Amino acid sequence: MSTAERDERLLQHLRALTDEDARLTPPPPGVWEAIAAEIDHDQPQTGSPELVRRRTDSEVVAPIAFVRQRRARTGHLKWLGAVAAALVVVAIGLSLRPHAIDATAELAVLEEGQQPAVAELRGATLRIAADLPPISDGVYEVWLLDEAVEQIVSLGLVREDGLYPLPAGVDPSALPVVDISIEPEDGDPSHSGRSVLRGVFS
Amino acid sequence: MNSGTVRGVSLLDEPPPPTSRHARGSRAPATLSGPTPIAVGPVSLTTQSDEIVHQAFAAGDDRALKEAYDRWGALVHSLALRSLGNPADAADATQAVFVSAWRSRGRYDPSRPLAAWLTRIAQRRVVDMHRSRARHPEPVEQLPETVADEQAIEQAATRMLLADALAELPRERREVIHLAIVEQHTHAEVAARTGLPVGTVKSHIRRGLKVLRDRLAVDA
């Protein structure tokens, strides 16, 4: 389906909206418990909890919480189990290996009152550790741009967790400048021109 | 993503950008041994953006399943209830949708909205339940009015997904979308009715439609 067709379909659906479409009925009590119980019966994942926790501490996504106890094994099956468990540990380790830091940008202060900050790119997520003072004349917004300022992409307003997933299709190597601006709440989605911190990936 | 031009003068005019690091050329990532520790830690997902929940879900963090249930359980359940008409069947369908979504999370692409993916699974589930009903008709004289046709289910699901996304828009933007798109007023009329400048009306429409379009994006 082309973009135009998709847009046309979107408009048709919007025009067809009824009050009933917006009426939400939460599931009755007990449904979540039934889901949790059913999931719990799934084959347990074996692996070293220590390894998983240590690795995930630096993961972009928060720690995995479904590591379960190994089942007791008996007799000659023991070594087979150990081999299988070792393989699983390796597999989990590989799959959970955090993205290495791909690039770092030290953000320099462009407006008085700000502190220098650091932005790190890991995979498709930008992390910014910045101590931004509260402001009353707007909101902080994070941007990626190229050095010629011909292309600019918003990563959204500054978030408390400092994590900014890059929108699909955004190539950080083509947009190596990290910029934090103050945006007046005037409904204009473009950059205000008031940058407070900026740095380039290296 | 908002692409576009930058308002006013070049961003790089003043003060000068810190290009010195860049001039040194690219360095190995390993050289960053942490000037600033970044505290991420085991944070609660309830305050996180949808994107973080999408990633955690795909990564197999089971708290993301609960979070998805809290955020979109009502949407899934309402779709099932509307289509099946029977509260017990709707509860069963909701349970099945989340269990199935969790077990097939390896096929979920976290760059796409989880709400749309869950809704897609719910549609299939509901269609299956209608088929099995057709094979084993219930001895009930008066089933409640339901949406049974496959295409009708899909359209209802899309509209419910849109209504859900609309409800999450900031009030002003939602109002503008409603006036301009649903009621089909001109930009000038919307501006007059809301007291907003036409430019703001247009930007609300552009940004609002982008959110809604993205919310429906299940397929590439």
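Residues numbered from 1 in each chain as written. Chains lettered and ligands numbered in written order. Predicted model: local features only at pLDDT ≥ 70, side-chain atom pairs only at ≥ 80, totals over all residues. Heavy atoms only, no water.

Along helix H2 (residues 50-58) of chain B, the residues classified as buried are Asp50(B), Ile52(B), Val53(B), His54(B), Ala56(B) and Phe57(B). In the segment just after H2(B), Gly60(B) is the residue with positive phi, at about 90 degrees. (Buried < 20%, exposed > 50% of the residue type's maximum accessible area, 1.4 Å probe, protein only. Helix = DSSP H or I, 4+ residues; strand = E, 2+ residues; numbered from the N terminus.)

For the rest of this paragraph, the subject is the nonpolar core. Among the nonpolar cores identified, the biggest contains 57 residues, and Leu14(A), Ile35(A), Phe57(B), Leu118(B), Leu209(B) and Leu212(B) are the most heavily contacted of them. The dominant element in this core, judged by the number of residues it contributes, is helix H3 (residues 62-84) of chain B, at 8 residues. Contacts of Phe57(B), omitting those with residues within four sequence positions, involve Ala64(B), Leu65(B), Ala101(B), Trp102(B), Arg105(B), Tyr108(B), Leu114(B) and Trp117(B). Residues Leu107(A), Ala119(A), Leu121(A) and Tyr164(A) belong to the second largest nonpolar core, which totals 24 residues. (Core = buried A, V, L, I, M, F, W, Y, C linked by side-chain atoms within 4.5 Å. Contact = heavy atoms within 4.5 Å.)

All names here are of chain A. Across 6 bridges, strand E1 (residues 101-109) lies against strand E2 (residues 117-122) in antiparallel orientation. Across the sheet, the residue bridging to Ala103 is Leu121, located in E2. Across 2 bridges, the pairing between E1 and strand E8 (residues 195-200) is antiparallel. Across the sheet, the residue bridging to Val109 is Leu197, located in E8. (Pairing = 2+ DSSP bridges.)

The subject of this paragraph is the side chain of Gln123(B). All names here are of chain B. Of note, Gln123 is situated in helix H5 (residues 114-135). A relative accessible area of 13% places Gln123 in the buried class. Those residues in contact with Gln123 that lie beyond four places of it in its chain are Leu79, Ile153, Glu154 and Ala157.

Below, the discussion takes up the pairing of strand E7 (residues 177-183) of chain A. Residues and elements named next belong to chain A. Among the 7 residues of E7, 7 are classified as buried, and the element is accordingly described as predominantly covered. Of the two faces of E7, the one carrying Val177, Asp179, Ser181 and Glu183 and the one carrying Val178, Ile180 and Ile182 are both buried. Inspection of the sheet shows strand E4 (residues 139-145) paired to E7 by 7 bridges, in the antiparallel sense. The partner of Val142 across the bridge, within E7, is Ile180. Bridge count between E7 and E8: 5 bridges; the pairing is antiparallel. From the neighbouring strand, Val178 faces E8, where its bridge partner is Gly199.

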